[in-house]
Amino acid sequence: MADELLRVENLKTYFYTLRGVVKAVDNVSFTLRKGEVMGLAGESGCGKSTTAYSLINLVPPPGRIVGGHVYLDGMDLAQMSEHELRRKVRWKRISMVFQGAMNALTPVYTVGYQIAEPMIYHAGMDKQKAMERVEELLSLVGLDPGIAKRYPHELSGGQKQRVVIAMALALNPDLVIADEPTTALDVVVQAQILNLLKELQRKLKMSIILITHDLSIIAELADKVAVMYAGKIVEWGPADVIFTEPKHPYTQALLRAIPRLRGPIDKLIWIPGTPPDLVAPPPGCRFYPRCTKVMDICRREEPPMIEIGKEHYVSCWLYAKR
Ligand SMILES: Nc1ncnc2c1ncn2[C@@H]1O[C@H](COP(=O)(O)OP(=O)(O)OP(=O)(O)O)[C@@H](O)[C@H]1O
Ligand SMILES: [Mg+2]
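Residues numbered from 1 in each chain as written. Chains lettered and ligands numbered in written order. Predicted model: local features only at pLDDT ≥ 70, side-chain atom pairs only at ≥ 80, totals over all residues.

Turning next to the overall build of the protein chain. Scanning the protein chain for helices and strands turns up ten helices and twelve strands. For the protein chain, whose C-alpha radius of gyration is 20 Å, the value lies close to the compact-globule estimate of 20 Å for 322 residues. For the protein chain, the C-alpha atoms occupy an extent of roughly 65 × 45 × 45 Å along the three principal directions. Here the protein chain holds 322 residues, and 43% of them are scored as buried. Across the protein chain, the fraction of contacts at a sequence separation of at least 24, relative to all contacts at a separation of at least 6, is 63%. (Helix = DSSP H or I, 4+ residues; strand = E, 2+ residues; numbered from the N terminus. Rg over C-alpha atoms; globule rule 2.2 N^0.38 Å. Buried ≥ 20, exposed ≤ 12 C-beta atoms within 10 Å, placed from the backbone. Contact = placed C-beta atoms within 7 Å.)

Put into structure tokens, the structure is as follows:
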């Protein structure tokens, strides 16, 4: 693909715990184009954040990437040294709004200083210039530049989320990974943050990977959707196709769980049963114990990834030609 930005191939990231090996990301593949917004969806614990950390090769111990590739312009980030990743990739090419980042802002430094920090330390910008850029970034995310002098506790949740988004934009990355950027916010503020992301994407033409367990958020923003279940992508394709003609029984169930009016997460009707333990996932298809369309083969053999339409892939035995 000429306009390809990121290509992930057979990525595997495991956590080596006392309980055993947690296969949090197990053979994940997808591609992302320049300027494209991809939603990564799935229930809690399915490996969304671990996938995100893997893309910037920043998996926290006891986890590590044990296989696969993450290509960005021909560079394999999964194989790159920490030094090179810092020098060439993180913040500059790919930045991340970490899950819960707005609550992890340091209470003792001003907001302005915290936004300036990566510019000073990762891009070697001088302090004066970095502070000028901070003001620019604050207006870009819809905040009064005067907020630079304030401390995190003086800001509302929505303002703090705008600040962490500003941080991610500091060095003009090609890709921003936003991990649950609206989860802790009330419904009105959620909508404002989503609008901001939409606006920024249009203005800056960047790619976004938007991680959330709320498919209705993805529906508003994404060009592509990847649905994860128990460490694997079970369906991936254009958002309009996935939302109108979901193929995987898990995607279908997730879509049925979207409330009519967007309400609090705990009001969602989840799919019966729970995701498997990723130390010992079931053989065959990992979704089979909860699947209403389960067949014999699903219990025995892992389903292949099948191209079911244009750039639409599903990993399910229902669609395999046998
Ligand atoms: N530091 C860690 N040590 C051990 N296991 C971990 C660690 N971080 C994540 N895991 C495990 O890896 C799996 C995937 O977790 P991950 O946080 O990537 O899921 P998620 O989809 O982001 O969930 P959520 O929606 O709750 O944020 C889970 O089984 C989790 O328990
Ligand atoms: Mg997560």
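Spatially, the eight strands line up as an open sheet ordered β6-β7-β8-β3-β9-β10-β12-β11, and their pairing is mixed. Each edge of the sheet is formed by a strand with only one pairing partner; in this case those strands are β6 (94-97) and β11 (305-309). Going across the sheet, the axis of each strand differs from the next one's by a mean of 20°, ignoring polarity. Across four bridges, β6 lies against strand β7 (residues 175-179) in parallel orientation. The partner of I94 across the bridge, within β7, is L175. Packing against the sheet, helix α5 (residues 157-169) makes contact with β6 and β7, and its axis sits at approximately 170° to β6. (Pairing = 2+ DSSP bridges. Axes fitted to C-alpha atoms, helices over the stretch in contact; angles between N-to-C directions.)

Right, let's talk about unusual backbone geometry for a bit. The omega torsion of the bond from P61 to P62 falls at 10°, within 30 degrees of zero and hence cis. When you line up the elements, P62 lands in the loop between α1 (48-55) and β4 (63-72). Of note in the backbone geometry, N27 takes a positive phi value of approximately 75° without being a glycine. Looking at the element boundaries, N27 is found in strand β2 (residues 20-33).

Overall, antiparallel pairing links the four strands, which are arranged β2-β1-β4-β5 in an open sheet. Edge positions in the sheet fall to β2 and β5 (75-76), since each of these pairs with one other strand and no more. Across eight bridges, the pairing between strand β1 (residues 4-17) and β4 is antiparallel. Bridging across to β4, Y14 finds its partner in R64.

What follows deals with the site of ligand 1. Not every one of the 18 residues close to ligand 1 is listed here, only the nearest: A24, S44, K48, S49 and T50. At the level of secondary structure, the elements contributing two or more residues to the shell around ligand 1 comprise β1, β2 and α1. Examining the composition of the shell around ligand 1, we find that three residues originate from one element, α1, more than from any other. (Near = placed C-beta within 6 Å.)

So, about helix α9 (residues 249-256). Regarding α9, the residues found buried are P249, Y250, T251 and L254. Structurally, α9 contributes buried residues whose contacts are with β3 (37-41), α7 (215-221), β9 (224-229), β10 (232-238) and α8 (239-244).

Bringing the pairing of β4 into the picture now. Alignment of β4 against β5, held across two bridges, turns out to be antiparallel. Bridging from a neighbouring strand, L72 pairs with M75 of β5. Between β4 and β5, which pair antiparallel in sequence order, lie two residues; one of them, D73, sits at a positive phi of approximately 50°.

Take the packing of helix α3 (residues 111-123) against α5 next. α5 packs onto α3 with a crossing angle of 25° between their chain directions and a minimal axis gap of 8 Å. On the basis of the axis angle, α3 is roughly parallel to α5. Between α3 and α5 lies a crossing of right-handed hand. Note on element contacts: α5 touches α3 through V163, A166 and M167, opposite V111, Q114, I115 and P118. Across the contact of α3 with α5, the residue classes break down as six nonpolar, one polar and no charged. (Parallel < 35°, antiparallel > 145°, perpendicular 65-115°, else oblique. Left-handed = near helix turned anticlockwise from the far one by under 90°. Nonpolar A, V, L, I, M, F, W, Y, C, P; charged D, E, K, R; others polar.)

Before going further, it helps to examine the pairing of strand β8 (residues 207-211). Note on strand geometry: in a regular strand, side chains alternate between the two faces of the sheet. In terms of burial, β8 is a largely internal element, five of the five residues being buried. Side chains of β8 alternate between two faces, with S207, I209 and I211 and I208 and L210 buried alike. In this structure, β3 lies alongside β8, joined through four bridges in parallel fashion. For V37, the partnering residue across the bridge sits in β8 and is I208. Sheet topology note: the β7/β8 ladder contains five bridges and is parallel. Residue pairing across strands places L175 opposite S207, the latter belonging to β8. Read as a crossover between parallel neighbours, the route from β7 over helix α6 (residues 187-204) to β8 is right-handed. (Right-handed = clockwise from strand over helix to strand, strands pointing away.)

Moving on: the nonpolar core. If you look at the biggest cluster of nonpolar residues, it comprises 91 residues, and the most contacted ones within it are I115, A166, I177, I209 and V227. No other element matches α5, which puts seven residues into this core. I209 has contacts with L32, M38, L40, A52, L175 and I177, leaving out every residue within four places of it along the chain. (Core = buried A, V, L, I, M, F, W, Y, C linked by C-beta atoms within 7 Å.)

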